[in-house]
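Read off the chains here:
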Amino acid sequence: MRVLIICTEKLPVPPVRGGAIQTYIAGAVPFLSKNHEITILGRNDESLPDKETRDGIDYVRIPGGLLETYRQGVVDYLKSNSKFDLIHIFNRPRLVAPVRECVPNARIILSMHNDMFKPQKIDPEEGALAIKEVDKIITISNYIGQEITRIFPQAESKLQTIYSGVDLEQFVPIYSSKAEKIRKKIRKEYKLKGKKVILFAGRLSANKGADVLVKAMNILAKKHSNIALVLMGSKWFSDNGTTDYIAFVRTLAARSPVPVITTGFIAPDKIQEWFAAADIFVCPSQWQEPLARVHYEAMAAGLPIITTARGGNPEVIEVNRNGLIVEKPRDPQQFADYLSDLLSNPEKCKEMGEYGRKLAEEKYSWNRVVTDILGVWSEVETGISSNRTLDYIENPINGKVQQEKEKVDVRPNLEKKRLVVRITKGKGKGKVIEIEKEEIQKNVKKEELKEAQLEGKINKVGERAEEEERVVEELQTVEGIEPDVDEDPVVDETDEMVRTTETEEAQKQEGVAIIKETQMTEKIEEVAEASETKVLEGLEEVYGNEGVETGEVVNTQEVEVTEKTNLVEEKLGATVNELITELERIKEINQLIINQLINESGEKRDRENDDYSYSPPAPPWIVK
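Computed from a prediction, not measured in an experiment: that's the story for all the values here.

**Quick word on the overall build of the protein**
If you tally the helices and strands in the protein, you get 19 helices and 20 strands. Looking at the protein as a whole, 58% of its 624 residues qualify as buried. Summed over its atoms, the accessible surface of the protein is roughly 27100 Å², and 47% of this surface lies on carbon and sulfur atoms.

Listed below in structure tokens is the structure:
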């Protein structure tokens, strides 16, 4: 089968600059390519050629960065390269409609690694159209599937969770001889000999919670002084720039009673070395994480895991067997308590790590991921060979209709003006009938379909010919009708927001207090006033979907910091006491940042003040 894999516009494949989606694709395609002809369409990169063939896989790279630019590149490529049986799109439902326009006969599968069906990410009508046009939606966690069906219930029958995987040869258990050599080398280089090493791996942004973990060290050190914390990660993939949040974390680290090492960006082919050097892995995510792949890597490395009850993260944790789940992610005390429990019970640590490795081998290898993907692809291939969709039914026009109630999906095929009837529920789940326009022209009534019919839903097919004719009539009225798109402003890809945001900890939704530095001997002249404060508003990135904690900074010449208490308890899921505690934390963060700016030697940091929303024109494939 000729398969086109369409990556996201943010990072290239192979994952020379990191990225969970890119790692997922790179891990699976060597196995998938053994049975299929694969082309990977992704964004370009200065370190990679625009076209190449590696190990039998064709790579085509086009300009990326912005989705609009990338989308046009995808369309241009497909206009001259449309002979694909299957198109597998990763994490971009907004690419489905333009792809369908270019290749009306190809089957489409959508893999979702983030919650990209939110109204802030995609117009609801465009989202509904994307769901309608795909044969299957693969998600990396049940959480993502639940979020999709919460907005689009009609997607449920097309959803399938396929958990990600890990390279079991790259990530070896800490008790193996291979890991022991790496472990000694790293620990010697960073003066960690004899220390119990706690590892964090991820971007240094507020939603990842590194600051909470550093604070936990202050509590933990009172009982366990022989520990060290390693923060492996940077501002962004392959970007070691400094943000206010990173400066804040470093300030906390400098005051910590135990060693805190910040590694900066680590190349994807080197990160396993820090896993081999660690004793415990912690994922202190503050946002609704789809399911961080670092959990798989920690399991493969034989490390006990402490993670948070956020998003899909708990789905791979068996409590007290391979890890522990923090129910209050913003509470350093709970992290300290769980860490203390593990540090005080080395045998428990060992058993949890060994069980995690066993789980990785049994459930989270790339072989299992590939088997699951091939299962979906095989369904599509079977449908192609027999000219059927994944959900097909015997021809209702010929009178072979099931005796019980069935659910029918009616939709137009845009290229050949064929009309497709398929039953997707009940005993008749199966075959499809494609009716040529001219065969039914004489039987149809020229009337507009109602909105429910536009969705392609008819709940009952009877046994009589009159009911069969009604199906035909409704099919014909569907033809040529496409939904409109509202021109309301839509928040663009949130990962780009987080990437460009330099004031993650001091940022506000409706105003940003910008701190400007003067020369070496001058003090801060002005910090702009800001409006409402929001904590953990939930700015989310497209392949990480980030949420940031924000604090309001209102300043006069005396650099006075205040905070507002207009936080919504229900939305944050916290108690009043927790909110008060968080306000104090924000105040501390802001004061530390201001103090650092005053004391620094005048070094200027780049600041970006991007507009995070835009009003896109109606996509060209939607008819108003």
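Let us keep going from here.
**Points about the nonpolar core**
Ranked by size, the top nonpolar core spans 64 residues in total, and within it I5, I6, I40, I87 and W377 carry the most contacts. Excluding residues that lie within four positions of it along the chain, I87 makes contacts with L4, I6, L78, V99, V103, A106, R107, I108 and I109. In this structure, V166, L199, V230 and L359 belong to the second largest nonpolar core, which totals 44 residues.

**Brief notes about the packing of helix α7 (residues 210–220) against helix α11 (residues 332–343)**
Running from amino to carboxyl end, α7 crosses α11 at an angle of 60 degrees, the nearest separation of the two axes being 8 Å. Judged by the angle between their axes, α7 and α11 are oblique. Considering how the two elements wind past one another, α7 and α11 form a crossing that is right-handed. Judged by residue contacts, V212, L213, K215, A216, M217, I219 and L220 of α7 engage P332, Q333, F335, A336, L339, S340 and L343 from α11. Its residues placed into classes, the contact of α7 with α11 shows 11 nonpolar, 2 polar and 1 charged.

**Thoughts on the sheet that holds strand β2 (residues 37–43)**
Pairing between the strands of a sheet comes from backbone hydrogen bonds, and it takes one of two forms, parallel or antiparallel. What the 8 strands build is an open sheet, ordered β3-β4-β2-β1-β5-β6-β7-β8; its pairing is mixed. Here the strands that pair on one side only, and so sit at the sheet edges, are β3 (51–54) and β8 (159–161). The average undirected angle you get between the axes of adjacent strands in this sheet is 20 degrees. Relative to β2, helix α1 (residues 20–32) is tilted by about 165 degrees, and along the sheet it contacts β1 (2–6), β2, β4 (57–62) and β5 (86–90).

**A short note on the pattern of salt bridges**
Under the defined criterion, the tally for this structure stands at 19 salt bridges. With its nearest N and O atoms 3.7 Å apart, the salt bridge here joins K10 to E9. Judged by relative accessible area, K10 falls into the buried class, the value being 3%. Here the salt bridges share partners, and the residues they tie into one network are E9, K10 and R92.

**Brief notes about unusual backbone geometry**
Here the bond from V13 into P14 is cis, since omega is 0 degrees, no more than 30 degrees from zero. Structurally, the position occupied by P14 is in the loop between β1 and α1. Positive phi, normally seen in glycine, also occurs at D55, with a value near 50 degrees. Relative to the elements of secondary structure, D55 occurs in the loop between β3 and β4. Here D55 falls in the exposed class, since its relative accessible area comes to 78%.

**Things to note about the sheet that holds strand β13 (residues 305–308)**
Strands sit in the order β11-β10-β9-β12-β13-β14 across an open sheet of 6 strands; the sheet is parallel. One side of each edge strand has no neighbouring strand; the edge strands of this open sheet are β11 (260–264) and β14 (323–326). Sheet twist, expressed as the average angle between the axes of neighbouring strands with direction ignored, equals 20 degrees. Across 6 bridges, strand β9 (residues 196–201) lies against strand β10 (residues 227–232) in parallel orientation. Within the sheet, the bridge partner assigned to K196 lies in β10 and is I227. Where α11 meets the sheet, it contacts β9, β10, β12 (280–283), β13 and β14, and its direction lies at approximately 165 degrees from that of β14.

**Things to note about the packing of aromatic side chains**
Going through the model one piece at a time under the given rule, you end up with 9 aromatic pairs. Relative to F275, the ring of F171 has its centre 5.5 Å away and its plane inclined at 80 degrees; by these criteria the two rings are edge-to-face. Residue F171 is located in the loop between β8 and α6 (177–189), and its partner F275 is located in helix α9 (residues 271–277); the two are separated by 104 residues in the primary sequence. Three or more aromatic residues joined by ring pairs make a cluster, and in this case those are Y24, F90 and W366. Directly above the ring of Y355 sits R321, whose terminal nitrogen or CZ lies 4.0 Å from the centroid.

**Observations concerning the pairing of β2**
Taking burial as the measure, the 7 residues of β2 include 6 buried ones, the bulk of the element. Where β1 meets β2, 5 bridges bridge the pair, whose relative direction is parallel. Its bridge partner lying in β2, I6 is registered against L41. In this fold, the crossover linking β1 to β2 by way of α1 has right-handed handedness.

Definitions and cut-offs
Residues numbered from 1 in each chain as written. Predicted model: local features only at pLDDT ≥ 70, side-chain atom pairs only at ≥ 80, totals over all residues. Heavy atoms only, no water. Helix = DSSP H or I, 4+ residues; strand = E, 2+ residues; numbered from the N terminus. Buried < 20%, exposed > 50% of the residue type's maximum accessible area, 1.4 Å probe, protein only. Areas by Shrake-Rupley, 256 points an atom, 1.4 Å probe, with all protein chains shown as cover. Core = buried A, V, L, I, M, F, W, Y, C linked by side-chain atoms within 4.5 Å. Contact = heavy atoms within 4.5 Å. Axes fitted to C-alpha atoms, helices over the stretch in contact; angles between N-to-C directions. Parallel < 35°, antiparallel > 145°, perpendicular 65-115°, else oblique. Left-handed = near helix turned anticlockwise from the far one by under 90°. Nonpolar A, V, L, I, M, F, W, Y, C, P; charged D, E, K, R; others polar. Pairing = 2+ DSSP bridges. Salt bridge = Lys/Arg side-chain N within 4 Å of Asp/Glu carboxyl O. Phe/Tyr/Trp six-rings, centres within 6.5 Å; stacked < 30°, edge-to-face > 60°. Lys NZ or Arg CZ within 6 Å of the ring centre and 35° of its normal. Right-handed = clockwise from strand over helix to strand, strands pointing away.

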